[in-house]
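Observations on chain architecture
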Amino acid sequence: MNRTTLSLIAGTTALAAVTAFAAFDPPSASGAAPEAAARLPVERTSLLCPAPSASDIADTSYTSFTPVTKGAASGGKAQLQAADGQSADGSGSQKDKGGKGGRGGEAGGKKAGQPVLTPKAPGTPATGDTSGGEEPALIGTADGGFAPGWTVQQTTEVAAGTGRGLQGVNCTGADTEFWFPGAATAAGRTDYVHLTNPDDSAAVVDIELYGKNGAIKAPLGENLTVDPHASDAILLSTLTDERQQDLTVHVSVRSGRVGAAVQALDDKAGGDWLAAAADPSDSLVLPGIPKDATDVRLIAFTHGDDDADLKVRLASPAGLITPAGSETLHVKSGMTTAVDLGDVTRGEAGSLVLTPADQAVPVVAALQVVRGKGDKKETAFIPATAAVGARATSADNSAKGTTLALTAPGGTATVKVTASAGSEGGSPVTKTYTVRSGTTQNVDAPVPTGLKGTYALTVEPVSGGPVYASRTLAATEDGVPAFTVQTLPDDHGMVAVPQTEEDLAILQK
């Protein structure tokens, strides 16, 4: 998946360096640009939020936050608006594509182009709420001082029924390729691929499915058209007759670009958003497994010609350990492989670290995590993610329901964490933490002084090896341990800008 940030900096086209870590060596994991190129704040960015829930008893909140960024432009603005409508042969309905239907431009009282919330100045979160189902997808843009690191969190509480519990997702930028290991078409699962087109021209998209025996025939997933400024929710079970528990979904864009996310809903075990996994790599980190997880399932896929053999290790508070009985994972080429790790964390903070057992073969991976037991279970997902990089941002945090997990799979790292002002009052607070090599820590995250409302967290590595992070929001609803997990890759607040032709040549290598 190629992460794309739109930025205009003094009329210069900036090229972002694409990097990946090798055996968790800091130089390749840092994502740092060549020294010759200046790093400047982005001046324009965009985010897309999928339509939240069709349930009539769903309540959704949106939180917008831009961290204070040194050197950022003054002025500017940010806005989140309802998409123009849902595309399906121009009818504005999803029914012809197996979608949810009825999520048009005036769904839930939101007219096309109507702002959902008005973001506040950098450093202060802004919130907006909706009630009931049929809310539309959102298209957001930010420029000037509002653009660097702009983050929007969408959190939905569903009181009962399929997918009940907390469903959370970070709104993301548009792109041309996405991988989703962890989707399903099994009985009891209702999974949708949400596609949102922010541009003025139509996007043409293919959805490919890969199961335990390889590629699954899904001709209805080919050559899908997503209208300009519109959104589609494609029900996976309408693309194939096969019912499988573990699928990898590949979204590729033939023309244009889209935002994509999978909404995975379970009849008995709640549900959540499955965000796109990090780009295929031979080494992956899946950070922040809740310490009270009752079941953890690893789903992996490789698209190349070679099988992948992976070492499976858990970064615990004491260091890297190998889960008994799950020392390695063999992933056959073109086939989705899954393994049940049970209660792998055993009451402690933990993150999964995957590295090559022999030859390096790129894979994608995600975790399906369950908390609770019996009819009191809730499900969330943790995709493999990129390192924090220069800075990562998490919005919509609460004083009691937030857990911040930090992982340093390579060398020991020092990390600065800042709690913003509250959305309704409070003063920022900053703390510094040391994360030892090979460990995961659930840190005691700072809380704004005099907090009122929700707040944002920014994570900034200060020194040492690469850091990976995730944030868990948790709440108990009628005895069900509801939760949602969002990973925290770099927030793309800065971009490398070539100053000379020699700089440009370096960035293009």
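It should be emphasised that the depicted structure is a prediction, and the values quoted were computed from it without experimental measurement.

Describing the pairing of strand E8 (residues 138-143)
Relative to E8, strand E2 (residues 44-49) is paired through six bridges, and the arrangement is antiparallel. Bridge pairing in E8 links Cys49 to Leu138. Note: strand E4 (residues 78-82) against E8, five bridges, orientation antiparallel. By the bridge assignment for E8, Gln81 is matched with Ile139.

Some words on the sheet that holds strand E28 (residues 378-383)
The strand order E25-E21-E27-E28 describes an open sheet built from four strands, whose pairing is antiparallel. With partners counted over all chains shown, the strands left at the sheet margins are strand E25 (337-342) and E28, one partner each. The average angle at which neighbouring strand axes cross in this sheet is 20°, direction not considered. Pairing between strand E21 (residues 293-301) and E25: five bridges, direction antiparallel. What sits directly across from Ile299, in E25, is Ala338.

Considerations on the pairing of strand E11 (residues 177-183)
Across the seven residues that make up E11, a large majority, six, are buried. As judged from the six bridges shared by E11 and strand E17 (residues 247-255), these two strands associate in the antiparallel manner. The residue of E17 that forms the bridge with Phe178 is Val251.

Let's talk about the nonpolar core
Counting 28 residues, the largest nonpolar core has Phe180, Val193, Leu195, Ile207, Leu209, Val249 and Val251 as the members making the most contacts within it. Looking at this core, the elements with two or more residues in it are E11, strand E12 (189-197), strand E13 (203-211), strand E15 (224-226), E17 and strand E18 (259-266). Val344, Val369, Ala380 and Val485 belong to the second-largest nonpolar core, a separate cluster that totals 27 residues.

A few points about the pattern of salt bridges
For the structure shown, the criterion picks out nine salt bridges. When the shortest N-O distance is used, the salt bridge between Arg189 and Asp191 registers 2.7 Å. Of the two residues, Arg189 and Asp191, both sit in the buried class. Asp491 is the partner of Arg391 in a salt bridge, and the nearest nitrogen-oxygen pair spans 2.8 Å. With Arg391 in the loop between E28 and strand E29 (392-397) and Asp491 in the loop between strand E38 (480-487) and strand E39 (494-497), this residue pair connects regions lying 100 residues apart in the sequence. Accessibility expressed as a relative area gives 9% for Arg391, which makes it buried.

Examining the sheet that holds strand E3 (residues 58-65)
Taken in spatial order, the four strands line up as E7-E3-E9-E10 in an open sheet, and their pairing is antiparallel. With partners counted over all chains shown, the strands left at the sheet margins are strand E7 (126-131) and strand E10 (165-170), one partner each. Averaged over neighbouring strand pairs, the angle between their axes works out to 15° when direction is ignored. Relative to E10, strand E9 (residues 151-158) is paired through six bridges, and the arrangement is antiparallel. Across the sheet, residue Gln154 finds its bridge partner in E10, namely Val169.

Let's talk about the side chain of Thr336
Residue placement: Thr336 occurs in the loop between strand E24 (328-331) and E25. With relative accessibility at 5%, the residue Thr336 sits in the buried group. A polar side-chain atom of Thr336 sits 2.7 Å from the main-chain carbonyl oxygen of Tyr210. At 2.9 Å, the side chain of Thr336 and the side chain of Thr248 are in polar contact. Aside from chain neighbours lying at most four places away, what touches Thr336 is Tyr210, Gly211, Lys212, Asp246, Leu247, Thr248, Ile299, Ala300 and Phe301.

Reading the values: rules and limits
- Residues numbered from 1 in each chain as written.
- Predicted model: local features only at pLDDT ≥ 70, side-chain atom pairs only at ≥ 80, totals over all residues.
- Heavy atoms only, no water.
- Pairing = 2+ DSSP bridges.
- Helix = DSSP H or I, 4+ residues; strand = E, 2+ residues; numbered from the N terminus.
- Axes fitted to C-alpha atoms, helices over the stretch in contact; angles between N-to-C directions.
- Buried < 20%, exposed > 50% of the residue type's maximum accessible area, 1.4 Å probe, protein only.
- Core = buried A, V, L, I, M, F, W, Y, C linked by side-chain atoms within 4.5 Å.
- Salt bridge = Lys/Arg side-chain N within 4 Å of Asp/Glu carboxyl O.
- Polar contact = N/O pair within 3.5 Å; in protein donor to acceptor, adjacent residues only side chain to side chain.
- Contact = heavy atoms within 4.5 Å.

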